[in-house]
Amino acid sequence: MIEERVNFRGENDGVHLIVEGGNFRNILIELDKKLKKGKGFYDGAKLLSIYSEELSILEKIEIAYRLKYKFKFVLDDEELTKMMQEDKKEEKKIVEMPQDIYTRCDTLFIHRTVRSGQVITHEGSIVIIGDVNPGAIIEAKLNIIVLGNFRGSGSAGENDENSIIAAYRLNPTQLKIADKIARAPDEKDTDHNRSSLPEIARIINGKIVIEPYLPNK
Amino acid sequence: MGEKQKGIAIVVTSGKGGVGKTTTSANIGTGLALKGKSVAIVDADIGLRNLDVVMGLENRIVYDLVDVVDGNCKLTQALIRDKRQSELYLLPAAQTKDKTAVTPEQMLDLVNQLKEKFDYVIMDSPAGIEQGFQNSIAGADMALVVTTPEVSAVRDADRVIGLLESNEIQNPRLIINRIRQDMVNRGDMLDKEDIMDILGIDLIGIVPDDEAIVISTNKGEPVVSSGDNIASKAFDNITRRIMGEEIELIDLDANREGKMSKILKLLFNK
């Protein structure tokens, strides 16, 4: 019943991924199936391009990162950006597509609410112009900034203790910075004793500390 | 029926079970029929059908949705005409099959056929986000997300809104069901604002927790056709908003006003 197919085509310096069909969920399932079957075969393989008639840029980027982190493909950001631009069809799509998501340098901008069950993963920093709802997961190698209410789970600064997680309202389920984890207190937060300032979570003396953000600090 | 403009398909969904999808579907379908629209309600909950029970049409089922899809009967043979509204039809689910008996492509085809015949096609979605859900949203032009004022229901609604958006069903509308204003006033229940704050989509109606709904559901008569209680009024308002009217939300706050003024309000315009 599944019409989606994924195929790899090898070249001297890497592999191309060819995707048929447009159901993103099925594509991911097929991809997992394929890669689990040939376990380890593609480790360290360089991803050169993703060809698909139906996938959006965002979906391609998600697949690229999935290949990188889950299946150990090699891929760098520059390549990825180039890859997306070289695809002429995609270039047209950039113009047509609602500009809610775009990549610039190493920061990913998301211009919508991230909802339960949705995962946003990015190499660099992530800026979300919207809310992060409970059950959503944000994973950045560097910082996470949320111009809204952060109620989900966030993980920042994989190897960098100086990374921060900041939000206009910071009410996370769980926060992780580098190797430190903090969770929301079990008592329900009474809104009365909270400042209305934005808040920043960072590591101070080996612990995650949340402080109100003061511009002169 | 005959030649007419293509109808609108509306999916009623929630993620979580037991929040009132079926009751909402039956009432909105009936409400639209009461306004003179031709309506088909489709029970997409294959294997756990109960829309027929809520509408009191259980004993008239001969063919079901799976029979239509499999070509065992014509679509018109499976459609059951409502007892009270002559322009209201039910397409029942099969009880002996499961969700995999139908594919989203087959559902899309079915919904398109129904849209040729009816002004509105209401799809009653099953709980969950698996194939049954995918089937129910196939061909939907509009989505109504039902939630109750409970954290778990709101969480699931949020998940479903995300899935609707990624399936390109834009602007889902929210129905908050079973709200109890006395509990909200005591601070023991999520408020409308709390829910809206998380979900951030347009609210199309609030339905209070009303005994009348339980009674009517058990009787197999959608509450909206009784017309003399607050729940009926709430569903009537949702129906009118679907048809494009702009109506204010019902004021459920009984504590702030006396009982008398509430009754007066109900009797008159609001």
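Structure: above.
It should be emphasised that the depicted structure is a prediction, and the values quoted were computed from it without experimental measurement.

A. How the structure looks around the overall build of chain A. In terms of helices and strands, chain A carries 4 helices and 15 strands. Counting over 217 residues, chain A shows a buried share of 41%. Counting contacts in chain A only where the partners sit at least 6 residues apart, residues at least 24 apart contribute 34% of the total. About 12400 Å² of surface is accessible on chain A, with carbon and sulfur atoms providing 52% of the total.

B. Fine view of the sheet that holds strand β1 (residues 5-11) of chain A. Residues and elements named next belong to chain A. Ordered in space as β1-β2-β3, the 3 strands form an open sheet in which the pairing is mixed. Strands with a single pairing partner mark the edges of an open sheet, and in this sheet they are β1 and β3 (47-52). The sheet shows a mean angle of 20° between the axes of neighbouring strands, direction not considered. Sheet analysis places strand β2 (residues 14-20) next to β3, joined by 5 bridges and oriented parallel. Pairing of I18 across the sheet is with Y51, part of β3. Where helix α1 (residues 24-37) meets the sheet, it contacts β1 and β2, and its direction lies at approximately 50° from that of β1. Of the strands in this sheet, β1, β2 and β3 touch helix α2 (residues 57-71), which is tilted by about 140° from β3.

C. Region of the structure containing α1 of chain A. All names here are of chain A. A rise of 1.5 Å per residue sets the reference length of α1, with its 14 residues, at 20 Å; its end C-alpha atoms lie 20 Å apart and thus fit the reference within 8%. Of the positions making up α1, those classed as buried are F24, N26, I27, L28, E30, L31, D32 and L35. Buried-residue contacts for α1 involve β1, β2 and α2. Measuring from the side-chain oxygen of the N-cap residue of α1 to the backbone nitrogen of R25 gives 3.1 Å; that N-cap residue is N23.

D. Molecular detail of the sheet that holds strand β8 (residues 203-208) of chain B. Residue and element names in this part refer to chain B. The strand order across the open sheet built from 8 strands is β3-β4-β2-β5-β1-β6-β7-β8, with neighbouring strands paired in mixed fashion. Edge strands, defined here as strands with exactly one partner in the open sheet, are β3 (80-81) and β8. In the sheet, strand β2 (residues 39-43) pairs with strand β5 (residues 120-124) via 5 bridges, with the strands oriented parallel. When the sheet's bridge partners are listed, D43 is paired in β5 with D124. With respect to the sheet, helix α9 (residues 192-199) is in contact with β6 (142-147), β7 (173-179) and β8, its orientation differing from that of β7 by roughly 150°.

E. Examining the packing of helix α1 (residues 21-34) of chain B against helix α11 (residues 230-242) of chain B more closely. All names here are of chain B. At a closest axis distance of 9 Å, the pairing of α1 and α11 adopts a crossing angle of 65°. In the packing of α1 onto α11, the handedness of the crossing is right-handed. Judged by residue contacts, T24, N27, I28, G31 and L32 of α1 engage F235, I238, T239 and I242 from α11. When its residues are assigned to classes, the contact of α1 with α11 shows 5 nonpolar, 4 polar and no charged.

F. Molecular detail of the pattern of salt bridges. Residue and element names in this part refer to chain B. Tallied over the full model, the rule gives 21 salt bridges over all chains. Its salt-bridge partner being K35, residue D236 comes within 2.6 Å of it at the nearest N-O pair. Of this pair, D236 sits in helix α11 while K35 sits in the loop between α1 and β2; the two residues are 201 residues apart in sequence, bridging distant segments of the chain. Given the relative accessible area of 32%, K35 is considered partly exposed. Note that D141 is salt-bridged to K115, the shortest N-O span being 3.1 Å. One end of the pair, D141, is in the loop between α6 (131-137) and β6; the other, K115, is in helix α5 (residues 104-117), and 26 residues separate them in sequence.

The rules behind these values
- Residues numbered from 1 in each chain as written.
- Chains lettered and ligands numbered in written order.
- Predicted model: local features only at pLDDT ≥ 70, side-chain atom pairs only at ≥ 80, totals over all residues.
- Heavy atoms only, no water.
- Helix = DSSP H or I, 4+ residues; strand = E, 2+ residues; numbered from the N terminus.
- Buried < 20%, exposed > 50% of the residue type's maximum accessible area, 1.4 Å probe, protein only.
- Contact = heavy atoms within 4.5 Å.
- Areas by Shrake-Rupley, 256 points an atom, 1.4 Å probe, with all protein chains shown as cover.
- Pairing = 2+ DSSP bridges.
- Axes fitted to C-alpha atoms, helices over the stretch in contact; angles between N-to-C directions.
- Expected span 1.5 Å × (residues − 1).
- Polar contact = N/O pair within 3.5 Å; in protein donor to acceptor, adjacent residues only side chain to side chain.
- Left-handed = near helix turned anticlockwise from the far one by under 90°.
- Nonpolar A, V, L, I, M, F, W, Y, C, P; charged D, E, K, R; others polar.
- Salt bridge = Lys/Arg side-chain N within 4 Å of Asp/Glu carboxyl O.

By themselves, these are just geometric observations and shouldn't be taken as functional.
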